[in-house]
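Single-letter residue listing:
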Amino acid sequence: TGRTKVISFSKAFHGRTSLAVEATDNPKIIAPINANGHITYLPLNDTETMKAELAKGDVCAVIIEGIQGVGGIKIPTAEFLQELRKACTENGTVLILDEIQSGYGRSGRFFAHQYAGIKPDIITVAKGIANGFPMAGVLISPMFKPVYGMLGTTFGGNHLACAAALAVMDVIEQDRLVENAANIGAYLLEELKKFPQIKEVRGCGLMIGMEFEQPVKEIRSRLIHEQKVFTGASGTNVIRLLPPLCLSKAEADEFLIRFKKVL
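Residues numbered from 1 in each chain as written. Predicted model: local features only at pLDDT ≥ 70, side-chain atom pairs only at ≥ 80, totals over all residues. Heavy atoms only, no water.

### Observations regarding the overall build of the protein chain
(1) Moving on: Along its length, the protein chain carries 7 helices and 10 strands.
(2) Moving on: Relative to a compact globule of 263 residues, whose C-alpha radius of gyration would be 18 Å, the protein chain shows 19 Å and is just as compact.
(3) Moving on: Summarising its shape, the C-alpha atoms of the protein chain cover approximately 60 × 45 × 35 Å along the three principal directions.
(4) Moving on: Residues classed as buried in the protein chain amount to 45% of the 263 residues present.
(5) Moving on: For the protein chain, contacts bridging at least 24 residues in sequence account for 63% of all contacts bridging at least 6. (Helix = DSSP H or I, 4+ residues; strand = E, 2+ residues; numbered from the N terminus. Rg over C-alpha atoms; globule rule 2.2 N^0.38 Å. Buried < 20%, exposed > 50% of the residue type's maximum accessible area, 1.4 Å probe, protein only. Contact = heavy atoms within 4.5 Å.)

See below:
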C-alpha cells in the first residue's frame, strides 16, 4: 500500500535489533543505520493525537506494549486500547501488541491487553515463555496468510526450546500461576500504596513499579547487600518488581518487611 510509517509510544521498549530498536524510544541505543525515520512516537493514552495520526492514512502498523516495562510500568488504559483497536481497523492499520514482558500471566491475565477486551493482529511473546530458556514467538491473526519459509532462524523452533515452552504451559495451568499473579500482585500493590516514602505505585499482577522523588540507586543497593532482595529499575527514580509468578503470600510479606527496614 506504500505505507511506510509505524506508530510507537513515548518511553516504549521493543528490543535492540533492526526495526525493533528503531521503535524503541531511546536514542542512545539506535545506531545510525537503524535511524530511518519510520517511527512516529506518540504520547501514551492520548486518544485524540493517536486518532489524528492514524487518519493521515500513511501508517502501516502501530506497536504498543501491554504494559510498558522498561518505560517504568506505564499502563495503557482499557479505553485507550479499545479506541486504538477501533482506529486501526477503520484505517486498515495492523495492531501489534508487544507482550514480551507483560504476557504469559505476568499481569494477572495471560496477556495484559485482555483487560481491555481487545484482539490485536500480531502478538509478540518471549521472556516467560520458556522460563528463562531462550525462546520467542509471534502470534498472527487469520488476516495474515503464513507461508512456509517466511520466518527462519538458525535456532528457530528447536526441540529443546519447544519442550521447555510446553512444560511451562503445563506448570502455569497446573499451579494456577496466572491466578496467583493476580492475587499476590493485588496484595502487594495494596500494601505498597501504604508506604508514605513512595511517590507512586503502579502495576498490574506481578508487574509493579514504585516511583520515588529521588534516585533509587541507594535503596536498591541496600536492598541487595543488607536484605538480600534483588530488584530491577527503570530510569533513575523507579524500582521495578518482576518476581516469579509462583511468589507466595509469605514471600511477599517477607519482601515487605525487608523493604520497610531499608526505607
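The rest of the description comes next.
### Topic: the environment of Val 70
(1) Moving on: Take Val 70: it is sitting in the loop between strand 3 (59–65) and helix 3 (78–91).
(2) Moving on: Note on Val 70: relative accessible area 36%, which makes it partly exposed.
(3) Moving on: Separated by 41 residues in the primary sequence, Val 70 and Phe 111 have C-alpha atoms spaced 17 Å apart.
(4) Moving on: Beyond its immediate sequence surroundings of up to four residues, Val 70 is in contact with Phe 13, Gln 101, Ser 234 and Arg 240.

### With respect to the sheet that holds strand 5 (residues 122–125)
(1) Moving on: The strand order 2-1-3-4-5-6 describes an open sheet built from 6 strands, whose pairing is mixed. Whereas interior strands pair on both sides, the edge strands pair on one side only; in this sheet they are strand 2 (39–42) and strand 6 (137–140). Looking at each pair of strands side by side, their axes are set apart by 20° on average, direction ignored.
(2) Moving on: Across 3 bridges, strand 4 (residues 94–98) lies against strand 5 in parallel orientation. Its bridge partner lying in strand 5, Ile 96 is registered against Ile 122.
(3) Moving on: Contacts from helix 2 (residues 47–54) reach strand 1 (5–9), strand 2 and strand 3 within the one sheet, and its direction differs from that of strand 2 by about 160°. (Pairing = 2+ DSSP bridges. Axes fitted to C-alpha atoms, helices over the stretch in contact; angles between N-to-C directions.)

### Points about the nonpolar core
(1) Moving on: By size, the foremost hydrophobic cluster in this structure holds 36 residues, and its most contacted members are Leu 192, Met 210 and Phe 259.
(2) Moving on: Of all the secondary-structure elements, those providing two or more residues to this core are strand 5, helix 4 (159–174), helix 5 (177–192), strand 8 (207–211), helix 6 (217–227), strand 10 (238–241) and helix 7 (249–262).
(3) Moving on: When residues of this core are assigned to their parent elements, the largest contribution, 8 residues, is made by helix 5. (Core = buried A, V, L, I, M, F, W, Y, C linked by side-chain atoms within 4.5 Å.)

### Quick notes on the packing of helix 2 against helix 3
(1) Moving on: The contact between helix 2 and helix 3 brings their axes to 10 Å, and the two run at 10°. The angle between helix 2 and helix 3 falls in the class roughly parallel. Residue-level contacts link Thr 47, Met 50, Lys 51 and Leu 54 of helix 2 to Phe 80, Glu 83, Leu 84, Ala 87, Cys 88 and Asn 91 of helix 3.
(2) Moving on: Its residues assigned to classes, the contact of helix 2 with helix 3 comprises 6 nonpolar, 2 polar and 2 charged. (Parallel < 35°, antiparallel > 145°, perpendicular 65-115°, else oblique. Nonpolar A, V, L, I, M, F, W, Y, C, P; charged D, E, K, R; others polar.)

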